[in-house]
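Structural overview for review
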Amino acid sequence: MIINGTETAKKIKDHLKTKVHEHLKSGHRAPCLAVVLVGEDPASKVYVGHKEKACLEAGITSKAYKLPESSSESDIIALVAKLNADQGVDGILVQLPLPKHISSEAVIDAIHPSKDVDGLTAFNQGCLSLGRKALRPCTPAGCMELIKSQLPSLRGKTAVVVGRSILVGSPIAKMLLLEDATVIQVHSKTPHPENFARMADILIVAAGKKHLVNASWIKKDALVIDVGIHRGSDGKLTGDVDFESAVGVASAITPVPGGVGPMTIAMLLKNCLEAYEARVYGNSF
Ligand code: NAP
């Protein structure tokens with residue numbers, strides 16, 4: 001079975017749109033996302049464009065702040081501080097990667113945790129590590145939605161995560177653990193990661209290595225989530241999993257494109273609405 005992330009993302013976005021309409025009908029302002037883009041990275045510009053379009057469709061106001069490549073770290077942190085103080089802004093997204101002379105860590109940690117719709121501040125990552133409620137990183141949260149759509153209970157399941165980045169691998173490992181899966185995490189220093197991968201009922205691949213995983217890594221009937229995105233010279237997107245080889249072994253698998261990617265944006269909108277509801281209605285996360 002091929003898991004249709006585009007369809008699942010659309011259902012979530014339609015639901016969010018309805019909720020936004022209800023807030024507007026009861027006399028509240030629209031939720032607002034501030035997007036900060038530094039420099040001219042073409043891929044970042046495309047991603048920001050997708051996020052702005054998705055906000056517009058859901059009835060969320062998006063405000064773009066485009067800063068030149070030459071901006072200093074303190075320029076960006078000053079903008080983030082201004083957005084933190086702005087009661088009309090519910091979410092702040094700083095598009096990564098930032099230019100090399102800027103510390104992403106310093107900029108991300110300048111975002112107030114209640115507006116951290118990417119779920120990447122040390123505070124929100126810490127809450128996730130402690131199993132507390134918080135705004136959760138969008139890509140791992142999107143993966144979890146897709147996993148839960150196939151397997152409502154993860155208790156008794158073995159999950160193997162390939163990758164340990166702060167953005168994807170580590171938060172998804174924690175989320176799986178919180179759902180009672182037994183979790184194994186492998187990385188670039190793991191000898192023979194394929195031996196661990198073959199133990200997985202659920203295999204999540206976030207290695208950033210095109211076609212690292214093929215059928216020989218996959219247990220029969222495992223659920224496979226491919227987070228990787230690679231654009232070929234022909235413009236075509238592929239993942240970390242060799243889809244053609246894996247599809248015959250997995251019980252269900254996400255394609256690239258059309259798998260995890262659309263879910264990341266849906267989760268961004270979901271986080272933005274949660275941050276808004278917390279601000280406007282005093283809801284907790
Ligand atoms: P990253 O920061 O480069 O991390 C990659 C991780 O994979 C690292 O932990 C690395 O181990 C591990 N790794 C690398 N080669 C490996 C190997 N041969 N065997 C086992 N582990 C290996 O990348 P990321 O930010 O997590 O992103 C991963 C992929 O997901 C990329 O292709 C990225 O473009 C994609 N992505 C997609 C979305 C989406 O919305 N679909 C969002 C974010 C990222 P070490 O820690 O030892 O180096």
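See the structure shown above.
Below you will find a few notes about this structure. (Residues numbered from 1 in each chain as written. Predicted model: local features only at pLDDT ≥ 70, side-chain atom pairs only at ≥ 80, totals over all residues. Heavy atoms only, no water.)

Observations regarding the layout of surface pockets
Heads up, the condition is: Two kinds of site are reported from a 1 Å grid over the protein atoms alone, namely cavities, where a 1.4 Å probe fits but cannot get out, and pockets, open sets with protein on both sides within 12 Å along at least five of seven lines, and residues are called lining when an atom falls within 4 Å of a point. Grid points are joined across faces, edges and corners, and a volume is the space filled by probe spheres set on the points. Each helix corresponds to a stretch of at least 4 residues labelled H or I by DSSP, and each strand to a stretch of at least 2 residues labelled E; elements are numbered beginning at the N terminus. As a working rule, the residues Ala, Val, Leu, Ile, Met, Phe, Trp, Tyr, Cys and Pro are called nonpolar, Asp, Glu, Lys and Arg charged, and the rest polar, with Gly in that last group. Reported domain spans reflect what an automatic or database domain assignment gives.
Counted as a void, the largest pocket has a volume near 1400 Å³. If you trace the largest pocket, you find 48 residues lining it, with Tyr47, Thr139, Ile229, Gly261 and Thr264 closest to the centre. Listed by contribution, the elements that provide at least two residues to the lining of the largest pocket are helix 1 (5-25), helix 2 (42-58), strand 3 (91-94), helix 6 (138-150), strand 8 (230-231) and helix 10 (260-281). For the lining of the largest pocket, the leading source of residues is helix 2, giving 10 residues. Partitioned by chemical class, the residues of the lining of the largest pocket number 26 nonpolar, 13 polar and nine charged. Residue contributions to the lining of the largest pocket reach at least three from each of two domains, namely domain 1 (27-112) and domain 2 (138-261). For the second largest pocket, the calculated volume is near 370 Å³. Around the second largest pocket sit 16 residues that line it, and Ala134, Arg136, Ala141, Glu145 and Lys270 are the ones nearest its centre. Residue assignment for the lining of the second largest pocket shows that the elements contributing at least two residues are helix 6, helix 7 (169-178) and helix 10. For the lining of the second largest pocket, the class distribution of residues is eight nonpolar, one polar and seven charged.

Some details on the environment of valine 117
Put simply, the rule reads: Accessible area is worked out with a 1.4 Å probe on protein chains only. A residue is then buried under 20% of its type maximum, exposed over 50%, and partly exposed in between. Should any heavy atoms of two residues lie within 4.5 Å, those residues are considered in contact.
Tracing the backbone shows valine 117 in the loop between helix 4 (104-110) and helix 5 (122-129). Look at valine 117 and you get buried, because its relative accessible area is 0%. Each C-alpha atom of the pair valine 117 and histidine 28 lies 20 Å from the other, and the pair is 89 residues apart in sequence. Each residue touching valine 117, except ones within four places of it in the same chain, is listed here: Leu33, Gly91, Ile92, Leu93, Leu135, Cys138, Leu268, Asn271, Cys272 and Ala275.

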